[in-house]
Amino acid sequence: MHSTFKLNPGQLKAVEHGEGPLLIIAGPGSGKTRVITQRIVHLLTGAGGAAEEPALLPGMAIPVRRGEESSGAGIQAENILALTFTEKAAREMQRRVREALPEIEALPQISTFHAFCYEVLRKRHFERALLDKVDVWILLRQRMESLKLQFYQKLAEPGAFLHSLNDFFSRCQDELIEPADFERYAEALEKEFQEIAPSLDAAGRALMHEEIQKKQELARVFRNSRKLIEEAGASSLGSLIPETVRLFDREPVVLESYRRLFRHVLVDEFQDTNYAQVELLKRLVQPPYNITAVGDDDQAIYRFRGASHGAFKMFDEAFPGHKTVFLDTNFRSTQRILRVADVLIAKNDRYEAKPELRTSREEGAPVYLLESPDFRSEAAWIADEVARLTHHGTPPGDIAVLYRAHGYRDPLVEQFRRRKIPFAIRGLSILSTVIMRDLVAYLNIIHSARDNVSMTRVLLTPRWNFPEDLALEARKQALRDRCSIYDALGSWQMSVAATRLEGTGWTELHRLLGDLRKYAEHAPVTAVLQRLLGRLELSFLPQDPDGGYVGTFRKFLEEWLGKSESWTLDAFLEYFEYFREAGGQIEAPEPDSSTDAVQMMSVHAAKGLEFPVVFILSVAPRRFPHSEQKPVIEFPGALRKGPPPPANIHEQEERRLLYVGLTRAEDRLYVSSVAKPGKKPSVFINDLTSNAPVEARDIERIQVREVPPEPVEAPREQPVARERIAAPKPQSSLFGDATGASGIYPPIAEWASRPAVIKPEEKLQLSASAIETYDTCPQKFMFSHYLKIPTGPQPALTFGNIMHQCARRYFELRRQRPVKFEQLQAHFEQIWKGAGFEDDYQEQAYKKAGLEQLRVFVDRHKDVTTLPLSAEAHFALDLGDVVLEGRIDQINPITDHSVELVDYKTGRAPTQKDADKSLQLSVYALAARDQMHLNPARLTFYSLTNNEPVRTVRTPKDLDLVISEIHEVAAQIRQQLFPPKPGFACKYCDYVLICPAHEEIF
Ligand code: SF4
């Protein structure tokens, strides 16, 4: 036997188990992967029973072991199937088996569930491309028309529901629910509704009817999307397992062949299996049920990827009478770390009473519980502690910082950067790196010179020597002339203004873009990238991470070429826009494990790893546990086939995630709690400290001092950004141009935080929407208001504008005679012509909705007798240091001086709360009162979407408050406070490519 003599009794029992089902419950650090690989080795080398000759299907090749002597009493490699969930885990298992049995010629089949199923299907002539989640999104987005969405669509964002729909369909597939099953379910609901409808009141009936219509839409879209994917010659990853189960059910001969082939099936990370996977296993394994499942229910953290909870319960039902082995000896952590982790996980419902984890290691250092008042102070303390540890000899690579979500690491990255502590981030998307954002900006303007945001970024790079005041002039001109920055500069070049461009690199940039545009007409996108790199004279030394990012992007392009019918830059950028809209990320290569840098990663990414020192960052309310995001489309409980989930499943899964984080630590563990003084900490901090003896013995609390905010952020200069991995870092990029100035690395952060020119005596000109933009994100306000960066037309605004014009036209016509819908339709059609939507589907959807809304609008207003006093009434109200500007959509008379002010809305219909809180309506009221000397007795949002008004009022006190709020914003603007406020708004922001908050600066 190979190396099994080193196994402890529990491990040995698991490895040497004979025939029949076996469940191995393996606590963290208990050698799970070692046990499963040793079991494979054990089966191969002797005690697994003699192999029968398997019955094979045509095309199934049996790997042959070198030398008959090694087949001995062991079973053949081809009779073993080992399944896991990630390619990485499969490779690791293969490596270990190969290491244990170097003489073996062919390994058993060790693969992911998906890879195994794909192979089974391919052998049955299944020749389809595989689509991941993002690919499916893009495919459906390109075929939206065929989906016939009604409830699950947003006009302003046609693809908004596609992920939710796909998640729902995947969830169905995880439960082996097919479109036909779901249709039957929807039909049954409809029948039930018809029976009880007479007993319901009107509102209840309408509500229930809408719910049923939604289910019917889901059923229709489920079938349609499946059809669209198949017509494209593809299959979604999620459909592989159900398809294989169906194949096995449909063709018993095929199933029998696999059953006879695989005499032993082993499954790693069994806690992550779902109903469909368990069903697949049930089919594959026949008496005497030689299945070995290894896992730990305490480490089930992938429900979001489709893992079921209660996988072990399903195992019990599928393979009754199985043997269970507990691996409860932890070889990793100190006793104190394990005791604290155990207190936490004991709060969860667990598979069954497990023995407590034991370790032969020493007591060790206490678990440090940091208590910080805010995230800035937390980051500063941790960075100091890391500096102290490394100063005393801990290699940076022995330290890991784990967080619940990537965004939480930013303050710590900033602190590491200042202290020049080397760090490496796992799970980083190359799309947020400076080099890739630069190259994408170039590709964008090669494709379309009208992309002003990309042009702004490119002009900022040192190579083009383009002073900011000149760039600002060009942007202002572009805004004035309603053209692109590129065209504005082009017009300077052709006129007397050409002198302005002297000394800049515009002529060279212009030539470069022209040449590459021409080249891109016939060259593949990979060649365009290569030529761009050449023209920018950009190359990388082997250790430069930027070289790795560019290489990864090149691979991404090559993969796209492989699945695309076209290979041009235009086609790629169309795809890439969808890719990003779908939330696609391109993961950066994993940092070299030999890199001596602090390892930063999400807790999910840390699963399976271990480090001498671990910091768990920001265990704070709403961060850890993370706020629950319920699926937009709930899976009906009636269709669930697996065990029902516990009520608090989200909190339990988050607790398991923290447990996984805690148990990565070998010697020192820091849990960092953040809560403002007097506020409750995360519920998990209460859990961790809930056992008084353990707390007293094993936890040391550390109060973290508050670090005052810094008055002005130090300019983030690019040279610092280049010192990420090790300091001092050798020069890694070679820029060969004559001036030595680079065509990449614009000083974005410094530029974006540069003070705006605001003269103290100058009155600020603000509108309600500008103030709202400032409130949403001051940096965005800076980009649009002071840096004057022109952006493209937004479909929602274009549509809103057309609808506003139509509403105004209606009342103009009404002054003469009653208005027919056809008259308004003619006006609508005429202005629509010049609207310039870029997305056909969206244009048609908007057009259809717009006409329908106008039809109802005409009908609703046919009996209105009072006509507006004015439409689009402009105002400029002097509030001292601010001039408040805007236009009131419509002013309706009520009595002599009392008026109703109407703001027309398109898009989501506003609620009463929206109207009560609306700054826009408050500003209208102020202008009417103080400039037009009217009494704004009624303020109305009129939604053109549902043709319903929502009315509100403002008291004089409300308006005084609004005035002070406006002055407050003005004061912040005068103080030059324009920090980025990343969040939900970024999704709809045109400035992402030049926003420092979206740039990984190290
Ligand atoms: S991308 Fe986000 S953080 Fe940046 S300017 Fe836009 S809204 Fe602000």
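Residues numbered from 1 in each chain as written. Predicted model: local features only at pLDDT ≥ 70, side-chain atom pairs only at ≥ 80, totals over all residues. Heavy atoms only, no water.

Attention now goes to the overall build of the protein. Helix and strand counts for the protein stand at 38 helices and 25 strands. Taken over the C-alpha trace, the protein has a radius of gyration of 32 Å; the compact-globule value for 1002 residues is 30 Å, and the two agree within 12%. Expressed as a percentage of its 1002 residues, the buried residues of the protein come to 53%. Considering only contacts within the protein whose residues lie at least 6 apart along the sequence, 80% involve residues at least 24 apart. Total accessible area on the protein stands at roughly 45,000 Å², and carbon and sulfur atoms take up 52% of it. When the 127 basic and 139 acidic side-chain charges of the protein are each reduced to a single mean position, those positions are 1 Å apart. (Helix = DSSP H or I, 4+ residues; strand = E, 2+ residues; numbered from the N terminus. Rg over C-alpha atoms; globule rule 2.2 N^0.38 Å. Buried < 20%, exposed > 50% of the residue type's maximum accessible area, 1.4 Å probe, protein only. Contact = heavy atoms within 4.5 Å. Areas by Shrake-Rupley, 256 points an atom, 1.4 Å probe, with all protein chains shown as cover. Lys, Arg positive; Asp, Glu negative; His and termini not counted. Charge placed at Lys NZ, Arg CZ, Asp CG, Glu CD.)

Neighbouring the ligand are the residues Cys777, Gln779, Lys780, Phe783, Pro980, Lys981, Pro982, Cys986, Cys989, Val992, Cys995 and His998. Counted by class, the shell around the ligand contains eight nonpolar, two polar and two charged residues. (Near = heavy atom within 4 Å. Nonpolar A, V, L, I, M, F, W, Y, C, P; charged D, E, K, R; others polar.)

Right, let's get into the packing of helix α19 (residues 468-481) against helix α20 (residues 485-493). Interhelical geometry of α19 versus α20 gives an angle of 105° and a closest axis separation of 8 Å. In this view, α19 runs roughly perpendicular relative to α20, as classed from their interaxial angle. Contact residues: Leu470, Glu473, Ala474, Arg475, Gln477 and Ala478 in α19; Ile485, Ala488, Leu489, Ser491 and Trp492 in α20. Of the residues that constitute the contact of α19 with α20, the class distribution is seven nonpolar, two polar and two charged. (Axes fitted to C-alpha atoms, helices over the stretch in contact; angles between N-to-C directions. Parallel < 35°, antiparallel > 145°, perpendicular 65-115°, else oblique.)

In this section: a negative patch on the surface. A cluster of acidic residues, Glu521, Asp570, Glu574, Glu577, Glu581 and Glu838, forms a negative patch at the surface. Ranked by the residues each element gives to the negative patch, the list is headed by helix α24 (residues 569-581), at four residues. Secondary-structure assignment places aspartate 570 in helix α24. Residue class for aspartate 570 comes out partly exposed when judged on its relative accessible area of 46%. (Patch = residues over 30% accessible without salt bridge, like charges linked within 9 Å, V, L, I, M, F, W, Y side chains within 5 Å. Salt bridge = Lys/Arg side-chain N within 4 Å of Asp/Glu carboxyl O.)

What follows concerns the pattern of salt bridges. Under the criterion given, the structure shown has 75 salt bridges. Between glutamate 999 and arginine 437 there is a salt bridge, with its nearest N and O atoms 2.6 Å apart. Of the two residues, glutamate 999 is situated in the segment after α38 (956-974) and arginine 437 in helix α17 (residues 434-447); the sequence distance between them amounts to 562 residues. Look at glutamate 999 and you get buried, because its relative accessible area is 7%. For arginine 457, the salt bridge is made with glutamate 999, and the minimal N-O distance between the two is 2.9 Å.

This part is about the side chain of aspartate 839. Here aspartate 839 lies in the loop between α34 (821-833) and α35 (840-861). Excluding its chain neighbours within four sequence positions, the residues that come into contact with aspartate 839 are Arg141 and Tyr578.

Let us now look at the sheet that holds strand β16 (residues 611-619). Strand order in the open sheet formed by seven strands is β13-β15-β12-β16-β17-β11-β18, with parallel pairing between adjacent strands. Across the chains shown, the open sheet's two edge strands, defined by having one partner strand only, are β13 (423-425) and β18 (699-703). Across the sheet, the mean angle separating the axes of adjacent strands is 20° when strand polarity is ignored. Pairing of β16 with strand β17 (residues 665-674) involves six bridges; the strand directions are parallel. Across the sheet, valine 613 pairs through a bridge with arginine 668, a residue of β17. Where helix α15 (residues 375-391) meets the sheet, its contacts fall on β11 (367-372), β12 (399-403), β15 (598-602), β16, β17 and β18, and the angle it forms with β17 comes to roughly 160°. (Pairing = 2+ DSSP bridges.)

Strand pairing in a sheet takes place through backbone hydrogen bonds and is either antiparallel or parallel in direction. The six strands are arranged β3-β2-β6-β7-β1-β8 in an open sheet whose pairing can be described as parallel. With partners counted over all chains shown, the strands left at the sheet margins are β3 (109-112) and β8 (323-327), one partner each. Pairs of neighbouring strands in the sheet enclose a mean axial angle of 15°, with direction left out of account. Pairing of strand β2 (residues 80-84) with β3 involves four bridges; the strand directions are parallel. Its bridge partner being in β3, threonine 84 is matched across the sheet by threonine 112. Sheet strands in contact with helix α3 (residues 87-100) are β2 and β3, and its direction is about 160° off that of β3. Those strands touched by helix α13 (residues 311-318) are β1 (22-26) and β7 (291-295), and its axis lies near 160° from that of β1.

Moving on, we come to the packing of aromatic side chains. In the structure shown here, the tally under the stated rule is 56 aromatic pairs. Measuring from ring centre to ring centre gives 5.4 Å for phenylalanine 168 and phenylalanine 182, while their planes differ by 80°; the resulting arrangement is edge-to-face. A residue pair is termed long-range when its members are at least 10 positions apart, and phenylalanine 168 in helix α7 (residues 162-174) and phenylalanine 182 in helix α8 (residues 179-196) qualify at 14 residues. The burial state of phenylalanine 168 is the same as that of phenylalanine 182; both residues are buried. (Phe/Tyr/Trp six-rings, centres within 6.5 Å; stacked < 30°, edge-to-face > 60°.)

As a further point, take the nonpolar core. Generally speaking, a soluble globular protein has its nonpolar side chains buried in company with each other. Counting residues in hydrophobic clusters, the biggest one holds 177 residues, and the most contacted among them are Leu165, Phe182, Phe416, Phe553, Phe572, Phe576 and Ile973. Setting aside chain neighbours within four positions, we find leucine 165 in contact with Leu149, Tyr152, Leu218, Val221 and Ile633. Counting 41 residues, the second-largest nonpolar core is a separate cluster that includes Leu240, Leu261, Leu284 and Phe315. (Core = buried A, V, L, I, M, F, W, Y, C linked by side-chain atoms within 4.5 Å.)

This brings us to α35. The terminal C-alpha atoms of α35, which comprises 22 residues, lie 31 Å apart, in line with the 32 Å expected from a rise of 1.5 Å per residue. Here α35 starts with a cap whose side-chain oxygen sits 3.0 Å from the backbone nitrogen of tyrosine 841, and that cap is aspartate 839. (Expected span 1.5 Å × (residues − 1). Polar contact = N/O pair within 3.5 Å; in protein donor to acceptor, adjacent residues only side chain to side chain.)

The N-to-C vectors of helix α31 (residues 768-776) and helix α37 (residues 919-930) enclose an angle of 145°; their axes lie 9 Å apart at closest approach. Taken as a pair, α31 and α37 cross one another with a handedness that is right-handed. Residue-level contacts link Ala768, Ile771 and Glu772 of α31 to Leu919, Gln920 and Val923 of α37. Of the residues contributing to the contact of α31 with α37, the split by class is four nonpolar, one polar and one charged. (Left-handed = near helix turned anticlockwise from the far one by under 90°.)

Interpretation of the predicted coordinates at a detailed level should be avoided for regions scoring low in pLDDT. Here the protein shows a mean pLDDT of 90. Residues at 70 or above account for 93%. pLDDT under 50 marks residues 47-72. Its contacts with residues more than four places away, or in other chains, come to 55 contacts. Contacts for the low-pLDDT stretch residues 712-740, under 50 throughout, to residues beyond four places or in other chains number 62 contacts. (pLDDT = per-residue confidence, 0-100.)

By secondary structure assignment, the location of proline 893 is in strand β22 (residues 882-893). Overall, the relative accessible area of 27% leaves proline 893 in the partly exposed class. Measuring from C-alpha to C-alpha, the distance between proline 893 and proline 936 comes to 9.8 Å, with 43 residues separating the pair along the chain. Non-local contacts of proline 893, meaning those with residues more than four positions away in its chain, are made with Thr866, Leu867, Pro868, Leu869, Ser898 and Val899.

Take asparagine 8: it is sitting in the segment before α1 (9-15). Beyond its immediate chain neighbours, meaning those up to four positions away, asparagine 8 contacts Thr329 and Phe331.

Time to look at the state of the cysteines. Under the defined criterion, the tally for this structure stands at zero disulfides. Residue cysteine 117 stays outside any disulfide, its sulfur separated by 18 Å from that of cysteine 172, the closest cysteine. In this structure cysteine 117 comes out as buried when scored by relative accessible area, which is 0%. (Disulfide = S-S within 2.5 Å.)

One can find isoleucine 748 in helix α30 (residues 748-752). A relative accessible area of 0% means that isoleucine 748 is categorised as buried. The sequence separation of isoleucine 748 and valine 434 amounts to 314 residues, and the corresponding C-alpha distance is 9.4 Å. Leaving out residues up to four positions away in the same chain, isoleucine 748 has contacts with Arg457, Leu460, Ile994, Cys995, Pro996 and Glu999.

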